[in-house]
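# What the coordinates show
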Amino acid sequence: MDELRNHVKEMLANGTVAAVIGYKEAGSPMRTKPVIITAPEEAILLVFNEYCLNNLAVYLTKARVKNLARVNGTIKKLGIVAKPCDVHAVIALIQESQLKREDVYIISFNCNGVVKDYGETLTGETIASKCLHCDARQPLYHDKVFGELKDLPASPDEELAKIKSFDDMTSQERFEYFKNEFDKCIKCYACRAACPMCYCTQCITDKTIPRWVESSAHGRGNFSWNLIRAFHLSARCVGCGECERACPMDIPLSLINRKMLEVAKNDFAYLSGRNLETPTLVGSFDVKDKEEFIL
Amino acid sequence: MEEKIINRENLNKLCRDIIDGGNILIAPGKTEYTVIKDTSEIILDAGSKPTKASYKNYAFPKAEPVIYYKKDKNDIELIDIDIKGKKTVILGAKPCDSNSFDILSKVFNWDYKDDFFNMRVKNFIVIGMMCEFADKYCFCTSVGLSPVSEKGSDIFLIPLDENNFAVRIITDKGKEFMESYGKYLTEGNPEKAKAKTEAGKSSAKMPEKVFNSEEVRKWLGKNFEHPFWDGIGDVCLSCAQCAFVCPVCHCFDIVDEDYSYEEGRRMKNWDGCQFGHFTLHASGHNPRDIQGKRYRQRINHKFKYYVDKFGEILCTGCGRCSRGCPVSIDIKEIVSDTVKN
Ligand code: SF4
Ligand code: SF4
Ligand code: SF4
Ligand code: SF4
Ligand code: SF4
């Protein structure tokens, strides 16, 4: 922790970064919250541990945060404390031209996993499901990295088993399953707010002329909302799981996202936010692309 | 005030009677208060955490039609909704939930009387229960309630031991309701129930009082412009998790939904003051253009405006908004911090 704090302090003091988005303790050592600091002496607040659940890349596209980087007419770097999986979101934002690599200073960690929920000790049972199939516990891109890799607590990948089981269902059964889940949705849009890839300044669901998605949180309105979000995030979602964690109604959004990730990975050998040199999957075309999924 | 005793077995029978009588029975589940179809689904535990969402949707649904319409070339026909409402019994409401309809009734009956809300509330029987849970997000004691508060309950349960509950009849509505279930009750032991609530008040499960709401109200009146709000706003993500899970947040939006060129309905849907477009004017101007201003509105509405207008704090201290906030913004901490600035 001292390494992190000292480094951030130095980077703020010598002007390398204008601000740093990081985590600080939130009322208990087993919960953290985002914090945005601009003064070197605030670096003492920062922590990094298995309770750093937020994907802080969500702040990189916010106007007021971006403004912090505008100092005396020049654009300085924004520092971000990012788990290796959060780095994927930073990279995906760069791939989608929302950010320039040189405008962000990535402070990452060799990561030993995070918990599903605050207040729990990290074990095979409490580990976040994304960590069980993590493909990059060492950051793919960084400007500074801390920490040493240790073994992760082992646990079966139940999420994958669950999405595999959908393949065996009839479309009617699948429909029923998601209908029951989406019925619970209250349209609080916390999933959208927590998602680093949901950065549109005007979301399609907020458009009223014309109204594409009914704003009512009834069966039809919820189906259109959750499906349109799934479409808009397919092959863009980085699998950070923040939408599901933010959902107050316990809707298993990760099942949808994971399925989309599996399709992009298996059919197109593409994972969002892994490579700065490749164009995005939805933003590129290859004659060899499979098209058997087109109905 | 009458007091009786009911054991779990009889309480189960009573619940079965409620369901068999064609009424709606609601009890806390894991995520939300759910409609009970079979009494085996009921988990009545005073030590349980408040559900993630409150039960306000049973009186103020997340989306409800208020009128249907038919259009032809020259005319519009309006078809009223037949608001009948069914008797709905809530079993095991926590004191930080049971008071919510009384608080909400103020705004839903202020200038316009909201028949939809009133009709449902009229049909409600609230069976509250003493609470034996507390975590760092609870602060009912700072907003004039407590884990043993009977406010808003028609009937109040106090767990005496594993198997028995004291049944306190609080309102006439509660009394009338219980009349048909007298066979399930035995003589009360008010001394024992009182000992239990007194013990509850001094136990470690009693949330500590962390702010003086009157001081907070005064501070808010003087500090509309304060950098305090900007700091919170920069972290807050502008969702409506906090408003939608809250037992007393009540903003709604009216929208028309056409089914076809000829028919449609007008909906009353939940809305939230933390959304960026909540106050966006048609001109493009937005008086609450940054999140700090929106968060300020949230706190002012709850701890100043509603108090000034209706004499009630628009918050029951349930802590739901904080428990569920994706970025761990803790309303208890924020309200306590206001006066320190
Ligand atoms: S998914 Fe990987 S990088 Fe992300 S928190 Fe889990 S172990 Fe760390
Ligand atoms: S859709 Fe969910 S899992 Fe995917 S990037 Fe957004 S918040 Fe993360
Ligand atoms: S967070 Fe959950 S309840 Fe809220 S809009 Fe998203 S899916 Fe619906
Ligand atoms: S306080 Fe939390 S729950 Fe409320 S709008 Fe902000 S981020 Fe969402
Ligand atoms: S503002 Fe938060 S603590 Fe207060 S009643 Fe609403 S959800 Fe509960």
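The next thing to look at is the overall build of chain A. Along its length, chain A carries ten helices and eight strands. The C-alpha radius of gyration of chain A comes to 20 Å, within 12% of the 19 Å expected for a compact globule of 295 residues. Counting only C-alpha atoms and orienting by the principal axes, one finds that chain A spans roughly 60 × 45 × 40 Å. Within the span of chain A, comprising 295 residues, buried residues form 51% of the whole. A separation threshold of at least 6 residues defines the contact pool for chain A, and within that pool the share at least 24 residues apart is 71%. Working note: accessible area of chain A is about 14,100 Å², and carbon and sulfur atoms make up 53% of it. Side chains of chain A give 38 positive and 39 negative charges; the mean places of these two sets differ by 6 Å.

All names here are of chain B. One way to put it is that helix H7 (residues 213-222) packs onto helix H10 (residues 291-310) with a least axis distance of 9 Å and a crossing angle of 105 degrees. What the angle tells us is that H7 and H10 run roughly perpendicular. Where H7 approaches H10, its residues Val 216, Arg 217, Leu 220 and Gly 221 are matched on the opposing element by Ile 299, Asn 300, Phe 303, Lys 304, Val 307 and Asp 308. A breakdown of the residues in the contact of H7 with H10 according to their chemical character gives five nonpolar, two polar and three charged.

All names here are of chain B. When the domains of chain B are assigned, the result is domain 1 (2-51 + 68-202) and domain 2 (213-338). Between the C-alpha centres of domain 1 and domain 2 there is a distance of 26 Å. Across the contact, 29 residues belong to domain 1 and 34 residues belong to domain 2. Our count for the contact surface shared by domain 1 and domain 2 stands at six salt bridges. Across the pair Arg 320 and Asp 97 runs a salt bridge whose closest N-O atoms are separated by 2.9 Å. Seen at the junction of domain 1 and domain 2, the total is 17 residue pairs in polar contact (both at pLDDT 80 or more). Listing elements by their share of the side of domain 1 that touches domain 2, those giving two or more residues are strand S4 (63-71), helix H2 (95-98) and helix H3 (100-108). For the side of domain 1 that touches domain 2, the leading source of residues is H3, giving six residues.

All names here are of chain B. Spatially, S3-S2-S6-S7-S8-S9-S1-S10 is the arrangement adopted by the eight strands of the open sheet, whose pairing is mixed. Looking along the sheet, the strands with just one partner apiece sit at the ends: strand S3 (33-35) and strand S10 (186-187). Sheet topology places strand S2 (residues 24-28) next to strand S6 (residues 88-93); three bridges connect them, and they run parallel. Along S6, the bridge assignment pairs Ile 24 with Thr 88.

Residues and elements named next belong to chain B. Burial analysis of helix H12 (residues 331-338) places six of its eight residues in the buried class, which makes it a mostly covered element. Of all the residues in H12, the buried ones are Ile 331, Lys 332, Ile 334, Val 335, Ser 336 and Thr 338. Its side-chain oxygen 3.0 Å from the backbone nitrogen of Lys 332, Asp 330 forms the N-cap of H12.

In the vicinity of ligand 3, 13 residues are found, and the nearest of them are Cys 185, Cys 188, Tyr 189, Cys 191 and Cys 247 of chain A. For the shell around ligand 3, the elements supplying multiple residues, two or more each, are helix H7 (190-194) and helix H8 (219-233) of chain A.

Take the interface of chain A and chain B next. Interface size is commonly expressed as the accessible area that is lost once the parts come together. Each side of the interface is counted separately: chain A has 38 residues, and chain B has 37 residues. Approximately 2,900 Å² of surface area, both sides summed, lies buried where chain A meets chain B, with 52% of it carried by carbon and sulfur atoms. When the buried surface of chain A facing chain B is broken down by residue, Arg 31, Arg 64 and Ile 186 of chain A rank first, second and third, together holding 21% of it. Between the two partners, chain A and chain B, sit four salt bridges. Linking chain A with chain B are 20 residue pairs in polar contact (both at pLDDT 80 or more). Along the lines of polarity and charge, the residues of the side of chain A that touches chain B split into 18 nonpolar, seven polar and 13 charged.

About the criteria used
- Residues numbered from 1 in each chain as written.
- Chains lettered and ligands numbered in written order.
- Predicted model: local features only at pLDDT ≥ 70, side-chain atom pairs only at ≥ 80, totals over all residues.
- Heavy atoms only, no water.
- Helix = DSSP H or I, 4+ residues; strand = E, 2+ residues; numbered from the N terminus.
- Rg over C-alpha atoms; globule rule 2.2 N^0.38 Å.
- Buried < 20%, exposed > 50% of the residue type's maximum accessible area, 1.4 Å probe, protein only.
- Contact = heavy atoms within 4.5 Å.
- Areas by Shrake-Rupley, 256 points an atom, 1.4 Å probe, with all protein chains shown as cover.
- Lys, Arg positive; Asp, Glu negative; His and termini not counted.
- Charge placed at Lys NZ, Arg CZ, Asp CG, Glu CD.
- Axes fitted to C-alpha atoms, helices over the stretch in contact; angles between N-to-C directions.
- Parallel < 35°, antiparallel > 145°, perpendicular 65-115°, else oblique.
- Nonpolar A, V, L, I, M, F, W, Y, C, P; charged D, E, K, R; others polar.
- Domains from an automatic or database assignment.
- Salt bridge = Lys/Arg side-chain N within 4 Å of Asp/Glu carboxyl O.
- Polar contact = N/O pair within 3.5 Å; in protein donor to acceptor, adjacent residues only side chain to side chain.
- Pairing = 2+ DSSP bridges.
- Near = heavy atom within 4 Å.
- Buried area = accessible area lost by both parts, 1.4 Å probe.

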